[in-house]
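The chain contents come next:
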Amino acid sequence: MGAWALLLPLLMATAQAQVCSVNNTIFEVQENTNQSGPLADIYVPAGQQVTLGQSSTPYAFRIQGTQLFLNVTPDYEENTMLQAHLECRSGDTVVTQLRVLVFVLDINDNAPQFPFENKAKNISEDTKVNTIVIPETELEAQDLDKDDILFYALQEVTPGASNFFSLVGTNLPALRLDQPLDFYSWQKMTFQLLVRDTQEENAEPSHRAAATLDLHVWPADLRPPWFLPCGYSDPYVCINAEYHGAVPLGHKLPAPLVLRPGPVRAVDGDQGISQRILYSIMQGQDGTFAIDADSGNLTMTRSVPSPKTFTLLVKGEQADRARYSVTRVTIEARNAFGSLPYFPKSRYYGRVARGSGAGVEVKDATAPSLPLRIWAQDPDFPDINSAITYRITNNTNFRMDGETMLTTVLLADETVFYAEVEANNTVTTDTATTVVEIQVLEWEKPSPTASPSGGSTQTLKPGTSQPMPPGPSRTPQTSEPPQTGGGSTPGHGEPSISRAEDRRFSVVDMAALGGVLGALLLLALIALLTLLHKHYGQSLKCCSGKAPDRQPLSFDNQAFVAPQEDNWAPAPRSSPGPTRAVAPEPPEPPSAAAARPASESPEVARDGGGPAAVRSILTKERRPEGGYKAVWFGEDIGAEADVVVLNTPASEAARAADSGSEVSSDDDAPGAGSTYV
């Protein structure tokens, strides 16, 4: 037994010497590592050969002599383990088989990848908050590196969009709604979805990827139909319009009724859905009126014999019957006396944005936020006459919709159009016409008006006429409004671009203007008073204050008269002839008259007894109504004579009658209250 124990190692060593062997059969190699040296040494007994068996990883190994080499650069994503099958042969007999295993170690050498580059998603605006709108499985990225942990981030492209959406977690890329959606405010939001394979941004190596998310807010059926124009509206509420009209008694109007503020028209309150609206009369119907279910036009089915007011409740319902609204239409039937219609203006001014398509309302140039309303007045119907219809006679680019004007084609160029609008009373067949000037402008919102001056010259579209308003049939037209701004006058093809700003003044502007005008008025009054005081100050002083005592006055005649008997009849004047005029003398102050002797006439005192002196003769006959008659004679004056009657005030005449006094002297003269005729 002891002898066999000694022989066993020797026998084993002899057996090993007869087979192949390697120094190591298991290796670990990092991927992407290039092994230039031998991987293992192979012991091959004499008389044997070593080869790679068929189960070896193809092309991964080679044997050079008795050394095993790695023939490729390992890639973990392709093969996590490489195997070399070694066969030692003696002739055709396989003596030994060996297996060498190479485990490839993974490293972070791959960037994560999203399964999409751009992802679009429709989200209903009525989606509840905290709803997962896109699950993780649709958004997560893939990384071939098995040990990588991915970190996600959501970056807004649309400003403010991050207030509505977020990711559930950094490592959980499910998209969640954080705030209620509003289709009218946010119809589309765009995000960048980012991912990296390291927690720290500056770590090395680190790989990143990005994808785009387009989120479209889908409108939900939240609002009922809205009857236009809304009395008040915001994205959620509309105060429905109420309509009214008037029809003449005894007539069935052939055309749809013209109502105010416009035709019965409703739209889906959810503009993104825009369900078709169907119309019907719910209440107030007695067979006189009918409504078109599709257009909402009201027509008469029979005439109204006596004055009456109809109140109709009109229903506008979505075609899917999901929602509806109700409004009131009031129609008054009243007497008509055949008055002629007329337009209050001979020309209207509208504007429309360049690039507008068909069906766009023409806006009022003086108030661009409001539609241009063109309506003819009827004295029999102070408010509205539904029997009057409107049409455009000479321009196919526009059409009338009740009292408003709509485009019919795309208006691609800046230009000016002129259209003649005819109002036709369908009962009396009387007509009236007016002209509308429409500016097609590059409308920069929210600026309400274009500059009234300094703008480019507008030209008429070829083939478009510029009619002059002929006026209504047998009805006078109002005057055309004056032109303002820097444009040319109508009729020359280049009208002013806008007149809105020329007609608008603020309260501050008007107050400043009033202050300036008030100051100018005050200065004018001061100047007037100064002139009056300068030229008439002395007379004003004489006429103001206490009346002076009566002084005897003398009056001289300007022409010579022959002696004649006293007569109270008015003295006849001779035919005009050559006479010498005597320049009037300035009035003598009362103090000078008082200082002069009573017997001295004014002419004697002034002329000093010269040749032109005259005598004063005062008759001694008193007139019944009070006063005296005096004749002045001049020695160098012709045959003409003027009679001057001096009237005493009625109060003095009464006192004289009571006392029985009588003028008895030539020196008597009337007082200051006398009147000269």
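Overview of the structure.

Reading the values: the criteria
- Residues numbered from 1 in each chain as written.
- Predicted model: local features only at pLDDT ≥ 70, side-chain atom pairs only at ≥ 80, totals over all residues.
- Heavy atoms only, no water.
- Helix = DSSP H or I, 4+ residues; strand = E, 2+ residues; numbered from the N terminus.
- Buried < 20%, exposed > 50% of the residue type's maximum accessible area, 1.4 Å probe, protein only.
- Contact = heavy atoms within 4.5 Å.
- Areas by Shrake-Rupley, 256 points an atom, 1.4 Å probe, with all protein chains shown as cover.
- Lys, Arg positive; Asp, Glu negative; His and termini not counted.
- Salt bridge = Lys/Arg side-chain N within 4 Å of Asp/Glu carboxyl O.
- Polar contact = N/O pair within 3.5 Å; in protein donor to acceptor, adjacent residues only side chain to side chain.
- Phe/Tyr/Trp six-rings, centres within 6.5 Å; stacked < 30°, edge-to-face > 60°.
- Lys NZ or Arg CZ within 6 Å of the ring centre and 35° of its normal.
- Core = buried A, V, L, I, M, F, W, Y, C linked by side-chain atoms within 4.5 Å.
- Pairing = 2+ DSSP bridges.

**Notes on the overall build of the chain**
- Check the secondary structure of the chain and you find 6 helices and 35 strands.
- Taking all 677 residues of the chain together, 37% fall into the buried category.
- When contacts within the chain are restricted to residue pairs at least 6 apart in sequence, those whose partners lie at least 24 apart make up 67%.
- Summed over its atoms, the accessible surface of the chain is roughly 37,700 Å², and 54% of this surface lies on carbon and sulfur atoms.

**Some thoughts on the side chain of D364**
- Positionally, D364 belongs in strand β25 (residues 363–364).
- Buried within the structure, D364 lacks any salt-bridge partner; its nearest side chain of opposite charge belongs to K345, at an N-O separation of 5.8 Å.
- Here T366 takes part through its side chain, which lies 2.9 Å from a polar atom of the side chain of D364.
- Residues contacting D364, with those up to four places away along its chain left out, are Y349, R351, L370, P371 and L372.

**So, the packing of aromatic side chains**
- In this structure the tally under the stated criterion is 9 aromatic pairs.
- Arranged with centres 5.6 Å apart and planes meeting at 80°, the rings of F183 and Y184 form a pair that is edge-to-face.
- Its relative accessible area of 11% is what places F183 among the buried residues.
- For Y184, a relative accessible area of 23% corresponds to the partly exposed category.
- Ring geometry for F343 and Y390: centres 6.4 Å apart, planes at 55°, overall tilted. Highlighted residues: F343 in the loop between β23 (324–334) and β24 (347–353) and Y390 in strand β27 (residues 388–392), separated in sequence by 47 residues. As far as burial versus exposure is concerned, F343 and Y390 are alike and both buried.
- Ring-pair connections join several aromatic residues into one group, and the members of that group are F114, F116 and Y152.
- The residue whose ring lies beneath R260 is W375, and the NZ or CZ to ring-centre distance is 4.2 Å.
- The side chain of K315 reaches across the aromatic face of Y324, ending 4.5 Å from its centre.

**Re the nonpolar core**
- Grouped together as the largest cluster of nonpolar side chains are 26 residues, with contacts concentrated most on F114, F165, L175, L181 and M189.
- Among the secondary structure elements, those contributing two or more residues to this core are β10 (132–134), β12 (165–167), β13 (175–177), β14 (188–196) and β15 (208–218).
- Per-element tally for this core: the top contributor is β15, with 5 residues.
- Setting aside chain neighbours within four positions, we find F114 in contact with L139, E140, A141, Y152, L193, L194, V195, A209, A210 and A211.

**Observations regarding the sheet that holds strand β3 (residues 38–43)**
- With antiparallel pairing, the 4 strands of this open sheet are ordered in space as β1-β3-β6-β5. This sheet does not close on itself; its edge strands, each paired only once, are β1 (21–22) and β5 (61–64).
- Relative to strand β6 (residues 67–70), β5 runs antiparallel, the two being bridged by 4 bridges. Counted as the bridge partner of F61 is L70 from β6.

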